[in-house]
There are 2 protein chains.
Amino acid sequence: MKKERALTIPSATVSRLVTYLRILEELELAGEPRTSSSDLAERAQVTAFQVRKDLAYFGRFGKRGMGYSVALLKREIIDALGLNLHWPVIVVGMGRLGHAIANFPVAAEYQFEYVGLFDVDPQVVGTSIGNLPILHMSQLPSFVHERGVKMAFLTVPPERAQATAEKLVQAGITSILNFAPIVLRPPLSENEKDVGKTKTWHNVTVENVDFLAGMKRLAYYTHDPKSPAVEEV
Amino acid sequence: MKKERALTIPSATVSRLVTYLRILEELELAGEPRTSSSDLAERAQVTAFQVRKDLAYFGRFGKRGMGYSVALLKREIIDALGLNLHWPVIVVGMGRLGHAIANFPVAAEYQFEYVGLFDVDPQVVGTSIGNLPILHMSQLPSFVHERGVKMAFLTVPPERAQATAEKLVQAGITSILNFAPIVLRPPLSENEKDVGKTKTWHNVTVENVDFLAGMKRLAYYTHDPKSPAVEEV
């Protein structure tokens, strides 16, 4: 059942919805037909109030004591997140990290599918992972255009990440999972006009996966036990 | 110069401080002696207002037009985040991901240092990465105790992550960088008393690094262009 989304969903809520989905998958595997905001809250390590607030963003107003059907709620979150769609993905940068990522069974996670792998290193181009050959970067634009790919995982070295990201966007990629420990920015020519304002890379979404940043955040929380992590609600 | 931190720093601010620090490192490398909230904002892809609000958490009230010394601001953020301290780290779980993480030069990032690697697989225990041998998990408690290690990177398979995390905490670890796509929770015996409330794993901080979650968030933002990511300020 598709519900209209009347409100823009805050990014923190999107993150929690992904977590709730994972929990619902576990409940389904365990044969649990129903759950509640308290149950989800405990498993997600948030408050029941936060759970109900998050689910309200796509029209899911639970009544206390009534709970939710695991299967239905799971389906609603899948639809809300767009995970009912097929997501062909390319991996760009086939070093050690790129190989680790490309070997991961993402197809087990809904309808994500690696369809292309790219690099510039002649030692690596032409080799394969499973039945996917590693292609040269020069073939990327036509590949992306012909296959209608929108999503790329960026696993090149940090010093190449910005330039490569700009090439991806030029080629038609609209969503980038960035593994480099840098902030990707819109190309400089756009920046010059808007110094000081928040700029969006029009129609491009970047998500960062950065363990070094996580490591530094850990140092903060560990060295100052008087300042526990406070999630903004 | 150490400033008193009067306010608890929200987790979103801590994340941005880590980003500002990286930007200040780049500016320093580029030989730039000064910066401003607008400059930091543009590079971090946030508003100048957000930058000033974040820096105010540790007493840094900038005046418009005055800007900041790159070296001083960098030092202040380093101290505020606890990155002026030595952080010995153990890596637990030496599969493909654990190897990729253990091979990463974290020592280039302030004072993090891998001091121990652990696994249970006899094929792997006894081999080395650099000059660090992979030890058996059974040796972990005494190792952690003798070396006073507080921080662990958890790179075991998802189905082992919860049990391993509990062992780590029992052994004296207080901060975990969790690479498994699950939510780590306090041990069950604590949970039973507090169903429905937010539980903190007393004195234990967990940071998650989860590219699968990032991938699913990307699907959300990509499939609904009317709902751009809205960062809560």
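In the annotation of an unreviewed UniProt entry, the entry for chain A reads Redox-sensing transcriptional repressor Rex, and the organism field reads Deinococcus radiophilus. Of chain A, the UniProt comment under Subunit (unreviewed entry) reads exactly: "Homodimer." Turning to chain A, the UniProt record has this under Sequence similarities (unreviewed entry): "Belongs to the transcriptional regulatory Rex family."

1. So, unusual backbone geometry
All names here are of chain A. Backbone geometry at glutamine 45 places phi at a positive 60 degrees, although glycine is not the residue there. With respect to the element layout, glutamine 45 can be found in the loop between helix 2 (37-44) and helix 3 (48-56). Classification of glutamine 45 by relative accessible area gives partly exposed; the value is 21%.

2. Comments concerning helix 1 (residues 11-29) of chain B
The end-to-end C-alpha distance of helix 1 of chain B, which contains 19 residues, comes to 28 Å, matching closely the 27 Å that a straight helix rising 1.5 Å per residue would cover. A positive phi of about 80 degrees marks glycine 31 of chain B, the residue just after helix 1 of chain B.

3. Here's the deal with the sheet that holds strand 6 (residues 132-136) of chain B
In a beta sheet, neighbouring strands are held together by backbone hydrogen bonds and run either parallel or antiparallel to one another. All names here are of chain B. Spatially, seven strands are ordered 5-6-4-3-7-8-9 in an open sheet, and the strand pairing comes out mixed. If you trace the sheet from one side to the other, it starts and ends with strand 5 (128-129) and strand 9 (205-208), each paired once. Along the sheet, helix 6 (residues 140-147) makes contact with strand 3 (87-92), strand 4 (112-119) and strand 6, crossing strand 4 at roughly 160 degrees. Its contacts with the sheet put helix 7 (residues 158-170) on strand 3, strand 7 (151-154) and strand 8 (175-178), and the angle it makes with strand 7 is roughly 170 degrees.

4. Regarding the pattern of salt bridges
Residues and elements named next belong to chain B. All chains considered together, the criterion is met by 14 salt bridges over all chains. Linking aspartate 54 and arginine 16 is a salt bridge whose minimum nitrogen-to-oxygen distance equals 2.7 Å. In this pair, aspartate 54 sits in helix 3 (residues 48-56) while arginine 16 sits in helix 1, placing the two residues 38 residues apart along the sequence. Neither aspartate 54 nor arginine 16 differs from the other in exposure class; each is buried. Across the pair arginine 75 and aspartate 79 runs a salt bridge whose closest N-O atoms are separated by 3.6 Å.

5. Side note on the side chain of lysine 74 of chain A
All names here are of chain A. Mapped onto the fold, lysine 74 is located in helix 4 (residues 70-81). A residue is classified by how much of its surface remains accessible, and lysine 74, at 17% relative accessible area, is buried. Filtering out sequence-adjacent residues up to four positions away, lysine 74 remains in contact with Leu21, Leu24, Glu25, Glu28 and Tyr110.

6. What to know about the relation of the copies chain A and chain B
Overlaying chain A with chain B gives an RMSD of 0.0 Å, the required rotation being 180 degrees about an axis along which the chain moves by 0.0 Å. Such a combination of turn and shift is consistent with a two-fold rotation axis. The C-alpha atom lying nearest the rotation axis in chain A is that of valine 209 of chain A; the distance is 3.3 Å. Comparing contact sets, 99% of the residues at the interface of chain A also lie at the interface in chain B, consistent with an isologous, same-surface contact.

7. Considerations on the nonpolar core
Ranked by internal contacts, the top residues of the largest apolar core, which has 106 residues, are Ile77, Phe153 and Phe211 of chain A together with Ile77, Phe153 and Phe211 of chain B. Ignoring anything within four residues of it in the chain, the contact list for phenylalanine 153 of chain A reads Val89, Ile90, Val91, Val92, Ile101, Tyr114, Leu177 and Phe179 of chain A together with Phe211 and Met215 of chain B.

8. Description of the environment of asparagine 203 of chain A
Within the secondary structure, asparagine 203 of chain A is located in the loop between helix 8 (188-191) and strand 9 (205-208). The class for asparagine 203 of chain A is exposed, based on a relative accessible area of 65%.

9. Regarding the UniProt feature "domain: CoA-binding" (unreviewed entry) in chain A
Within this structure's numbering, the places UniProt gives as "domain: CoA-binding" (unreviewed entry) are residues 82-183 of chain A. Helix and strand shares over residues 82-183 of chain A are 28% and 28% respectively, and the end C-alpha atoms of the span are 25 Å apart.

10. A word on the side chain of aspartate 39 of chain A
By the secondary structure assignment, aspartate 39 of chain A is in helix 2. In terms of polar contacts, aspartate 39 of chain A uses its side chain to reach the side chain of arginine 43 of chain A, at 3.0 Å.

So, how was this worked out
- Residues numbered from 1 in each chain as written.
- Chains lettered and ligands numbered in written order.
- Predicted model: local features only at pLDDT ≥ 70, side-chain atom pairs only at ≥ 80, totals over all residues.
- Heavy atoms only, no water.
- UniProt positions renumbered as here; feature names shortened; annotations may be inferred.
- Helix = DSSP H or I, 4+ residues; strand = E, 2+ residues; numbered from the N terminus.
- Buried < 20%, exposed > 50% of the residue type's maximum accessible area, 1.4 Å probe, protein only.
- Expected span 1.5 Å × (residues − 1).
- Pairing = 2+ DSSP bridges.
- Contact = heavy atoms within 4.5 Å.
- Axes fitted to C-alpha atoms, helices over the stretch in contact; angles between N-to-C directions.
- Salt bridge = Lys/Arg side-chain N within 4 Å of Asp/Glu carboxyl O.
- Least-squares fit on C-alpha atoms with pLDDT ≥ 70 in both.
- Core = buried A, V, L, I, M, F, W, Y, C linked by side-chain atoms within 4.5 Å.
- Polar contact = N/O pair within 3.5 Å; in protein donor to acceptor, adjacent residues only side chain to side chain.

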